[in-house]
Amino acid sequence: MIDSQKSHLLIQNKFLGSLLYFKDRDGRGCLKLSFKNKIAGFVKGTAVPTTLPVPLKLADPISLDVSYKFQDSLLQVKKIVNGKTEREFYKIPLPVSTCLFIIRIKDWHLLDDAKLSNSPLVLTPPSLSNSVAIVFSFLGANGQPIAPREYNCLMGTIDLPEDPLKTFCVGITEDPNNNESNGFIIQIPFLKAQN
């Protein structure tokens, strides 16, 4: 049985982050995407209605982890700004009917060069476009990776020792409609639960 596996997630020869699957001390599976380098211009968006004001772009660079806890079906976004840790949690309804999250990068060429890795997961943008969207999801009811309709995205898969979410999917596509002023955006899409 696999207790942990780690891949370095690259966009061609640029380092995006580390993708780690592990079991916690209670044997519960967790998938985590960590960004080694601090990110400036971070913005988080969600489709969940809220009465809170939209967060402003952060001027200070942040460190960011996004993790999914399988047993609880819980997505956590953890950011560290000036040594202060902030956590946000999102309950993911099962069966999964939408992608887990999307990362939109204004210019992926600005990421740091990747170092040699024993287990790289290399994403290749379909064009020379600077702006890309990276989609993270599981398989849908039809056995195909879930990706938003607005993105024509080829997805690679990673096998995990989890049931029923045993196949994790990652894909990259150009993002020609990225007119955002921010360099890095994470989007957490949710659909309303159907009765």
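Rules used throughout
Residues numbered from 1 in each chain as written. Predicted model: local features only at pLDDT ≥ 70, side-chain atom pairs only at ≥ 80, totals over all residues. Heavy atoms only, no water. Helix = DSSP H or I, 4+ residues; strand = E, 2+ residues; numbered from the N terminus. Buried < 20%, exposed > 50% of the residue type's maximum accessible area, 1.4 Å probe, protein only. Contact = heavy atoms within 4.5 Å. Areas by Shrake-Rupley, 256 points an atom, 1.4 Å probe, with all protein chains shown as cover. Phe/Tyr/Trp six-rings, centres within 6.5 Å; stacked < 30°, edge-to-face > 60°. pLDDT = per-residue confidence, 0-100. Pairing = 2+ DSSP bridges. Salt bridge = Lys/Arg side-chain N within 4 Å of Asp/Glu carboxyl O.

## Some points on the overall build of the protein
Item 1. Within the protein, the secondary structure is distributed over zero helices and 13 strands.
Item 2. Reading the protein from its N end, one meets helices and strands in the order β-β-β-β-β-β-β-β-β-β-β-β-β.
Item 3. Burial status across the protein gives 43% buried among its 195 residues.
Item 4. Contacts in the protein between residues far apart in sequence, at least 24 positions, make up 61% of those at least 6 positions apart.
Item 5. Accessible surface, the protein: about 11,300 Å² in total, of which carbon and sulfur atoms supply 51%.

## What to know about the packing of aromatic side chains
Item 1. What the rule picks out here adds up to seven aromatic pairs.
Item 2. Pairing Tyr68 with Phe138 gives two aromatic rings, centres 5.4 Å apart and planes at 55°, and the pair type is tilted. Remark: Phe138 occurs in strand β10 (residues 132-138) and Tyr68 occurs in strand β5 (residues 62-69); sequence separation between them is 70 residues. Exposure class is identical for Tyr68 and Phe138. Each is buried.
Item 3. For the pair Phe138 and Phe168, a centre-to-centre distance of 5.4 Å together with 65° between the ring planes defines the contact as edge-to-face. A residue pair is termed long-range when its members are at least 10 positions apart, and Phe138 in strand β10 and Phe168 in strand β12 (residues 167-174) qualify at 30 residues.
Item 4. The class of Phe168 is buried, set by a relative accessible area of 2%.
Item 5. Three or more aromatic residues link up through ring pairs in this structure, and these residues are Tyr21, Tyr68, Phe70, Phe101, Phe136, Phe138 and Phe168.

## Remarks on the confidence of the model for the protein
Item 1. Averaged over all residues, the pLDDT of the protein equals 80, while 82% of them reach at least 70.
Item 2. Residue range residues 40-58 is modelled with pLDDT below 50. Its contacts to residues more than four positions away, or to other chains, number 35 contacts.
Item 3. Considering only residues more than four positions removed or in separate chains, one finds that residues 191-195, a stretch of pLDDT under 50, has two contacts.

## Observations concerning the pairing of strand β8 (residues 101-105)
Item 1. Counted residue by residue, β8 has five buried out of five residues, so it is predominantly covered.
Item 2. Alternating positions in β8 separate into two faces, Phe101, Ile103 and Ile105 on one and Ile102 and Arg104 on the other, with burial throughout.
Item 3. In terms of strand pairing, β8 meets β10 through five bridges, oriented antiparallel. Residue pairing across strands places Ile102 opposite Val135, the latter belonging to β10.

## Quick word on the pattern of salt bridges
A side chain with one charge may pair with a side chain of the opposite charge, provided their charged atoms come close.
Item 1. Inspection of every chain in the model, using the stated rule, returns eight salt bridges.
Item 2. The residue Glu162 makes a salt bridge to Lys23 at a minimum N-O spacing of 4.0 Å. Highlighted residues: Glu162 in the loop between β11 (154-159) and β12 and Lys23 in strand β2 (residues 14-23), separated in sequence by 139 residues.
Item 3. By relative accessible area, which is 22% here, Lys23 ends up partly exposed.
Item 4. Via salt bridges that share partners, Asp24, Asp26 and Arg28 belong to a single interconnected network.

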